[in-house]
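In case you want the letters, here they are:
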Amino acid sequence: MGKEDNSKSLNFIEEIIEHDLKTDKHDGKVLTRFPPEPNGYLHIGHAKSICLNFGLAEKYNGKCNLRFDDTNPLTEEVEYVESIKEDIRWLGFDWEDREYYASDYFDQLYEWAVKIIKKGFAYVDESSADKVAATRGTPTRAGEESPYKNRSVEENLDLFERMKNGEFPDGSKVLRAKIDMASPNMHMRDPVIYRIKHASHHRSGDKWCIYPMYDWAHGQSDYIEGITHSLCTLEFEVHRPLYDWCLDHILDDPEGYRPRQYEFARLNLNYTVMSKRMLLSLVKDAYVNGWDDPRMPTISGLRRRGYTPESIKNFAERVGVAKRENVIDIGLLEYCLREDLNKKAQRILGVINPLKAVIENYPEDKTEELDAVNNPEDESMGTRKIPFSRVLYIEKDDFMEDPPKKFFRLSPGREVRLRYAYFIKCKDVIRSKDGEITELTCTYDPASKGGQSPDGRKVKGTLHWVSAAHAVKAEIRLYDRLFNTEDPYDFEEGRDFTSNLNPDSLKTVTGYIEPFIKDSKAGDKFQFERLGYFCIDPDSAKDKHVINRTVTLKDTWAKISERQG
RNA sequence: UGUCCGAUGGUGUAAUGGUAGCACUGCAGAUUUUGGUUCUGCCUGUCCAGGUUCGAAUCCUGGUCGGACAGCCA
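Residues numbered from 1 in each chain as written. Chains lettered and ligands numbered in written order. Predicted model: local features only at pLDDT ≥ 70, side-chain atom pairs only at ≥ 80, totals over all residues. Heavy atoms only, no water.

Focus: the side chain of R304
Secondary-structure assignment places R304 in helix α11 (residues 299-305). Among residues more than four places away in sequence, those in contact with R304 are D292, P294, R477, C535, D537, P538, D539 and N548. (Helix = DSSP H or I, 4+ residues; strand = E, 2+ residues; numbered from the N terminus. Contact = heavy atoms within 4.5 Å.)

Given below as structure tokens:
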């Protein structure tokens, strides 16, 4: 029912597309593109855009191109190109052979620039960058015309060619579109469309020393590729008149095919930052351990953290597409993650904060293999054996000497169930000299094997546990949100966003995991019962298990106990 | 004293002139060998003022509030 309703309700872009389809605007074709600049790693915000562009193509039987918007050689690197491709592929999208680069269009872009110079719509300006900025005016005050604006076409052509030939140093000249310095839209005030950069480009090498600006490259690239719907974020809304202006002035038939730009609201998430500048700074200044640090909102970070592509795609679906600014609760992302992992994850028992429990009446040399279900949500995943013996580890949080109301785990004299094993009762508490609880002495009921007693008596709590002698030691990395504040951009004067960093975003502990973990490899995902979802980190080695906590399970008890104070 | 865009529960997002719905969150309960999952119920909303209309979240007018734009970044 809900699903059916959803399929009927369209977002505003789908409405536009369906309308275009109905009116046969592009011969029934839909061609979108995802246009990243290779100057950083992709993040969850990009994932929304990827899912939108590729998703629309899938839905309307169209295609989506991958196009690197690589017009600025100073900031772009091959490393980023590679990571971007890997991330999109991992999300499950395929651009087939349509891997394009704006830099592949440099020749065409240059020709078009010459074309508009000839038509009198562009000029070479040799004002300094400061001068250009100073004469641009303000949003409420018109700019001033450049003294170079009225050069002859011949002079402009000559100068532009010499710019291309490398005769002038960086910053000495630019090519500007001749539009309107008094336009209320700042972007129409004779925008710079070419600048000189004697820099080597990751693809074109040293062929060029002039590079087109975004505004001169994007719409034209869309046109070259035959893009029907060019989707971008809201901040490009004010660029749209320029996007259209460029097309108007290069096309022989402006009434014929042309791409259209549509803008949607970018994704914002609380408790994290999405700006490339800030993410770069977190990496460069070593606040995190690289772009794929599991605390990063990058796709590679989420992947390493243990997120699944499905959970991210589902998230993108749920946040929707609209033009209204939004801040999504990180809780929704985590909900989508748990929803997916709950269906798929192998369950195992692992203890993160161990407390030794000795079963007094269990034979010292005995070991039993007990049956455990691999995934209660998916019977086909089968069962496995877990070793049980006299000395166990249980979770420290599962024992309280003086429990408050509603605590139904272990405490002196109380009986609980060990999952898949036996009922046990706590008899004694052993302490160190400084009073810390170091060990519990318990007894078990041999008749309760498997977790049920023949007399039908009930216990309220079920605890996870491992057999100390059989457990596998592991380094467990407990991650928490990277920032303490919902809005990390909101920081005190004189400080910066890093003042909002959560100092406890990573805690490393030693845990004990049931032997099943031995055969796992990097990327494998598990639910440690009652604790959360975990995955094997690539830092793992043959003799060293490193495990990331992806996300905790929903914890009703934590909520209750917090409320009780 | 600019141009453009936006405004629906706590957060997102539908309703396209005809009963304001869905998801997440929160709260209450049922089930449960994970205080997980699942299931049930409940709370909470159309920025304001006029107008058009039998009827307005939707159309019109005027406000208010929020955002984007002054890189030789994208």
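So, the protein's contact with RNA strand B
Taken together, 68 residues lie around RNA strand B, and E15, R324, R347, R409 and G450 are the ones closest in. Of everything in RNA strand B that lies within 4 Å of the protein, sugar and phosphate atoms constitute 62%. Separating a phosphate oxygen of RNA strand B from a side-chain N or O atom of R136 is a distance of 3.0 Å. Contact between RNA strand B and K406: a base nitrogen at 2.7 Å from a main-chain N or O atom of the residue. Broken down by secondary-structure element, the contributors of at least two residues to the surface near RNA strand B are β6 (192-196), α12 (309-319), α13 (330-344) and α14 (556-564). With 5 residues, α14 is the largest single contributor of residues to the surface near RNA strand B. Of the residues assigned to the surface near RNA strand B, the class counts are 25 nonpolar, 20 polar and 23 charged. (Near = heavy atom within 4 Å. Polar contact = N/O pair within 3.5 Å; in protein donor to acceptor, adjacent residues only side chain to side chain. Nonpolar A, V, L, I, M, F, W, Y, C, P; charged D, E, K, R; others polar.)

Describing the packing of helix α8 (residues 214-225) against helix α9 (residues 240-250)
Between α8 and α9, the shortest axis-to-axis distance is 9 Å and the interhelical angle comes to 65°. In this structure, the crossing between α8 and α9 has a hand that is right-handed. Residue-level inspection shows D215, W216, H218, G219, Q220, D222 and Y223 of α8 in contact with α9, the latter providing L242, Y243, W245, C246, L247 and I250. In the contact of α8 with α9, the residues fall into 8 nonpolar, 3 polar and 2 charged. (Axes fitted to C-alpha atoms, helices over the stretch in contact; angles between N-to-C directions. Left-handed = near helix turned anticlockwise from the far one by under 90°.)

Observations regarding unusual backbone geometry
A positive phi angle is found at D27, which is not glycine, with a value near 55°. Among the structural elements, D27 can be located in the loop between α2 (12-22) and β1 (31-34). With phi around 70°, K406 is a residue other than glycine that occupies positive phi space. The topology assignment puts K406 in the loop between β15 (391-395) and β16 (415-418). Given a relative accessible area of 56%, K406 falls into the exposed group. (Buried < 20%, exposed > 50% of the residue type's maximum accessible area, 1.4 Å probe, protein only.)

Re the pairing of strand β12 (residues 354-359)
Sheet topology places β12 next to β15; 5 bridges connect them, and they run antiparallel. Residue pairing in the sheet places V358 in a bridge with V391 of β15. (Pairing = 2+ DSSP bridges.)

Quick word on the packing of aromatic side chains
On inspection of all chains with the given rule, the structure shows 24 aromatic pairs. Plain terms: the ring middles of F54 and F93 are 5.1 Å apart, the flat faces sit at 25° to each other, and that makes the pair stacked. One end of the pair, F54, is in helix α3 (residues 44-59); the other, F93, is in the loop between α4 (78-91) and β3 (99-101), with 39 residues separating them in the sequence. Take F54: its relative accessible area is 4%, and that puts it in the buried class. In this structure F93 comes out as buried when scored by relative accessible area, which is 6%. (Phe/Tyr/Trp six-rings, centres within 6.5 Å; stacked < 30°, edge-to-face > 60°.)

Focus: the domain arrangement of chain A
By a widely used convention, the size of an interface equals the accessible area lost when the partners come together. Each assigned domain of chain A is listed here: domain 1 (12-264), domain 2 (276-346 + 474-564) and domain 3 (354-371 + 385-464). Between the C-alpha centres of domain 2 and domain 3 there is a distance of 31 Å. Domain 2 puts 10 residues into the contact, and the matching count from domain 3 is 17 residues. Roughly 1,100 Å² is buried in total at the junction of domain 2 and domain 3, and carbon and sulfur atoms are behind 56% of that figure. (Domains from an automatic or database assignment. Buried area = accessible area lost by both parts, 1.4 Å probe.)

Considering the pattern of salt bridges
Pairs may arise between side chains of opposite charge once their charged atoms sit close together. On inspection of all chains with the given rule, the structure shows 50 salt bridges. With a shortest N-O distance of 3.6 Å, E86 and R303 are connected by a salt bridge. With a gap of 217 residues between them, E86 in helix α4 and R303 in helix α11 connect regions that are remote in the sequence. Judged by its relative accessible area of 43%, E86 is partly exposed. (Salt bridge = Lys/Arg side-chain N within 4 Å of Asp/Glu carboxyl O.)

Things to note about the state of the cysteines
Evaluated as defined, the whole model comprises 0 disulfides. Cysteine C246 shares no disulfide, and the gap to the nearest cysteine sulfur, in C232, comes to 14 Å. (Disulfide = S-S within 2.5 Å.)

Quick word on empty space enclosed by the protein
For the structure shown, the criterion picks out 1 cavity of 30 Å³ or more. Within this model, the largest cavity holds a volume of roughly 40 Å³. As for the largest cavity, its lining consists of Y214, D215, H218, H239, L242, Y243 and Q261. Its residues assigned to classes, the lining of the largest cavity comprises 3 nonpolar, 3 polar and 1 charged. (1 Å grid on protein atoms, 1.4 Å probe; cavity = no way out; pocket = protein on both sides within 12 Å on 5 of 7 lines; lining within 4 Å. Points joined across faces, edges and corners; volume = space filled by probe spheres on them.)

Describing a negative patch on the surface
A contiguous patch of negative charge on the surface is contributed by D329, E486, D487 and D490. Structurally, the position occupied by D329 is in the loop between α12 and α13. (Patch = residues over 30% accessible without salt bridge, like charges linked within 9 Å, V, L, I, M, F, W, Y side chains within 5 Å. Areas by Shrake-Rupley, 256 points an atom, 1.4 Å probe, with all protein chains shown as cover. Lys, Arg positive; Asp, Glu negative; His and termini not counted. Charge placed at Lys NZ, Arg CZ, Asp CG, Glu CD.)

Structural notes on the nonpolar core
Judged by nonpolar contacts, the single largest core of 39 residues is most densely connected at I44, I50, F54, I88, L269 and F315. Looking at this core, the elements that each hand over two or more residues are α3, β2 (63-68), α4, α11, α12 and α13. The element that contributes the greatest number of residues to this core is α3, accounting for 6 residues. A domain split of this core shows at least three residues from each of domain 1 (12-264) and domain 2 (276-346 + 474-564). Among all residues touching L269, those that are not within four sequence positions of it are I44, M274, F315, V327, I328, D329, I330 and L333. (Core = buried A, V, L, I, M, F, W, Y, C linked by side-chain atoms within 4.5 Å.)

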